[in-house]
Amino acid sequence: MLKDHAKLMSAFLASGEVVGRKKLQKMIFIAKKLEFPFQEKFQFHFYGPYSEELTLRVEELCNMGFISEVKEKKGGYYQYRYTVTKEGEDFLQIYEKDMPYLQDCLTDMNVQSARFLELVSTVLYFDSLPKEEVVEKVFTLKSKQKYTTEEIDEAFAYIEGLKGKKIVQ
Amino acid sequence: MEYAKQKLHEEKVFKDPVHRYVHVRDRVIWDLIGTKEFQRLRRIRQLGTTYLTFHGAEHSRFNHSLGVYEIIRRIVDDVFAGRPEWNQDDRLLSLCAALLHDLGHGPFSHSFEKVFHLDHEHFTQAIILGDTEVNEVLTKVGPDFPKHVAEVIAKTYKNKLVVSLISSQIDADRMDYLQRDAYFTGVSYGHFDMERILRVMRPREDQVVIKQSGMHAVEDYIMSRYQMYWQVYFHPVTRSAEVILTKILHRAKELHEEYYSFKQSPIHFYSLFEEEVSLQDYLKLDEAVIMYYFQIWQEEEDPILRDLCERFMNRNLFKYVEFDPAKEYKKHSELEVLFKKAGIDPDYYLVVDSSSDLPYDFYRPGEEEERLPIHLLMRNDELRELSRQSDIVDSISGKRRTDHKLYYPVDLLYDESTKKNIKRQIRTILELT
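Just so you know, these numbers come straight off a predicted model, no measurement behind them.

Draft legend 1. How the structure looks around the overall build of chain A. Tallying secondary structure elements over chain A gives eight helices and five strands in all. Secondary structure elements in chain A, listed N-terminal to C-terminal, are α-β-α-β-β-α-β-β-α-α-α-α-α. In terms of overall dimensions, chain A has C-alpha extents of about 45 × 45 × 25 Å along its principal axes. Every one of the 169 residues in chain A was classed for burial, and the buried ones make up 44%. When contacts within chain A are restricted to residue pairs at least 6 apart in sequence, those whose partners lie at least 24 apart make up 67%.

Right, here's the structure in full:
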């Protein structure tokens, strides 16, 4: 029952606290691209890969009381903070999905900025293309973010690092 | 004359119950409609299993694709043409992308994608870029044209204005399916003043925006979307049919993995079972083919496959109760044990279905840059997000409403020829008295 919800709960638990919906979206997308078994379907949107299914599932988890969502005013916009509740931890006692190495990858992603994760997830979204075409996609589709060549290189290196974490351990 | 600019000698019109007429003048569009990959969409229903709840919902993805094309044609020819922000060179690209946006949908897409790990968008790309009649037509326009059409549909094309016409929170796709689905299901929701919305759409660098004066028409569209979601798309009976369909596919796959000998080889399913589906395999699938298998599987030896197919074909669906996972997950574990004791496999006959299991969405104001919201163009040329201006939209876009149901075969639970006491215990837990 609710296996896909349980996987997401495990991701929240492994991350500790996730600040920001955009960050959450990108973290799960990146984890999925690293072949962690998340089932949510992603599409490319204005701000990079996005899953409506993931948004809905998180809403369901909040309504169930398994995830706490705190809305904070941050300057001109709102930001959301997510943590697993006591009830959520009890649920995971029964339904926890064991995903080896997930914690290490998510903890690492969680300390990165949402802007950088947007770049990493965009690079991963086009991972079937040669590197020069990926770079071109980033410059064309993310022109407003003004990513530099150095940042893009950093994103490529970061992806290799994450893949290493998954394999080495 | 170059192929991209060729017009038919006489305009062709398709009679359409939603838009009255679909007009075709461009040779390219006419040729695309005639391809076998596009004609295949006639054999795939737009709303999958919804016809088991709303008997009129037999319309196909072919109808819808023509409808989306017609809406885009009206926007680019009647509203955007001549505006400085709109480049008329993008006209044909927009029309082709609109017509072909659902090309990769297969039969009962949603269930098939879940069980066999397919992605209809991947097949849309494959049909447009692969060795197909559609690709042949598009390539005649220009060698890069198929790639551009595929990118618009994948939302990765450089011109985001063109992308947002086909795919955004107020796009031609949704405007067609809301009205078409309302018409064919016969419900009174789903209606809004599309003509008015089209007239107040304005092209901007990255997106289509709506003139402030059109806000009330857009409110109506958002309300339609909200009501159609709960009244049609997420109807509990349709969900029951979808649950059974998904379980049939799971069962057939499981039997194949166990080297079960089917009475008639399910040749169309082999590549699905192995999850190695080629484009040619995929294009052979349609709902007629799938229904044929369901028909013959009613006579299979395997009791679960046989029973599930009989249920689907004869509309003997599962019943449901409201289910609150937060409070009742322990009850679910208890039911699983009792179902096993009663000889009813809970993997196939006790199913929790959640609102997130469906591929439809609500309007989202795009906080924290998740999705691009609908923007209103104010008199001073400033853009404002819709829910900040409209109390009606604000009241429905901020509220979370989610839903879970527990599905079960009521007839098996009342069959007291075996395991009478256990079944009574199950009925008590489900409060079936």
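Draft legend 2. Here's a closer look at the pairing of strand S5 (residues 77–84) of chain A. All names here are of chain A. Taken together, the two bridges between strand S1 (residues 18–19) and S5 define a ladder with antiparallel strand orientation. Paired with Val 19 across the strands is Arg 81, a residue of S5. Of the pairings in the sheet, the one linking strand S4 (residues 67–74) to S5 comprises eight bridges and is antiparallel in character. Paired with Lys 73 across the two strands is Tyr 78, which belongs to S5.

Draft legend 3. Here's a closer look at the environment of Thr 246 of chain B. Residue and element names in this part refer to chain B. Following the sequence through the fold, Thr 246 ends up in helix H13 (residues 236–257). C-alpha of Thr 246 to C-alpha of Glu 113: the two residues are 133 residues apart in sequence and 9.8 Å apart in space. Once residues lying within four places of it in the same chain are set aside, the contact partners of Thr 246 are Ser 111, Lys 114 and Val 115.

Draft legend 4. Quick look at unusual backbone geometry. Residues and elements named next belong to chain B. The residue Arg 20 is not glycine, and still its phi comes out positive at about 70°. As for its placement among the helices and strands, Arg 20 is situated in strand S2 (residues 20–26). Look at Arg 20 and you get exposed, because 9 C-beta atoms sit within 10 Å.

Draft legend 5. Quick peek at helix H8 (residues 145–154) of chain B. Residues and elements named next belong to chain B. Counting buried positions along H8 yields eight of 10 residues, so the element is predominantly enclosed. When we look at burial in H8, the residues that qualify are Phe 145, Pro 146, His 148, Val 149, Ala 150, Glu 151, Val 152 and Ile 153. The elements touched by buried residues of H8 are helix H4 (91–100), helix H6 (120–129), helix H7 (133–141) and helix H9 (160–166). Looking at the residues trailing H8, positive phi occurs at Lys 155, about 65°.

Draft legend 6. View of helix H5 (residues 109–116) of chain B. Residues and elements named next belong to chain B. Of all the residues in H5, the buried ones are Ser 109, Ser 111, Phe 112 and Val 115. One side of H5 holds all its buried residues, which, seen down the axis, span an arc of 170°. Contact partners of the buried residues in H5: H6 and H13.

Draft legend 7. The packing of helix H1 (residues 3–15) of chain A against helix H4 (residues 86–95) of chain A, seen in detail. Residues and elements named next belong to chain A. Relative to each other, H1 and H4 sit at 120°, their axes nearing to 10 Å. With respect to H4, the axis of H1 lies oblique. Regarding H1 and H4, the two cross each other, and that crossing is left-handed. In this structure, H1 contributes Ala 6, Met 9, Ser 10 and Leu 13 to the contact, and H4 contributes Gly 88, Phe 91, Leu 92 and Tyr 95. In terms of residue class, the contact of H1 with H4 is built from six nonpolar, two polar and no charged.

Rules used in this analysis
Residues numbered from 1 in each chain as written. Chains lettered and ligands numbered in written order. Predicted model: local features only at pLDDT ≥ 70, side-chain atom pairs only at ≥ 80, totals over all residues. Helix = DSSP H or I, 4+ residues; strand = E, 2+ residues; numbered from the N terminus. Buried ≥ 20, exposed ≤ 12 C-beta atoms within 10 Å, placed from the backbone. Contact = placed C-beta atoms within 7 Å. Pairing = 2+ DSSP bridges. Arc of directions from axis to C-beta. Axes fitted to C-alpha atoms, helices over the stretch in contact; angles between N-to-C directions. Parallel < 35°, antiparallel > 145°, perpendicular 65-115°, else oblique. Left-handed = near helix turned anticlockwise from the far one by under 90°. Nonpolar A, V, L, I, M, F, W, Y, C, P; charged D, E, K, R; others polar.

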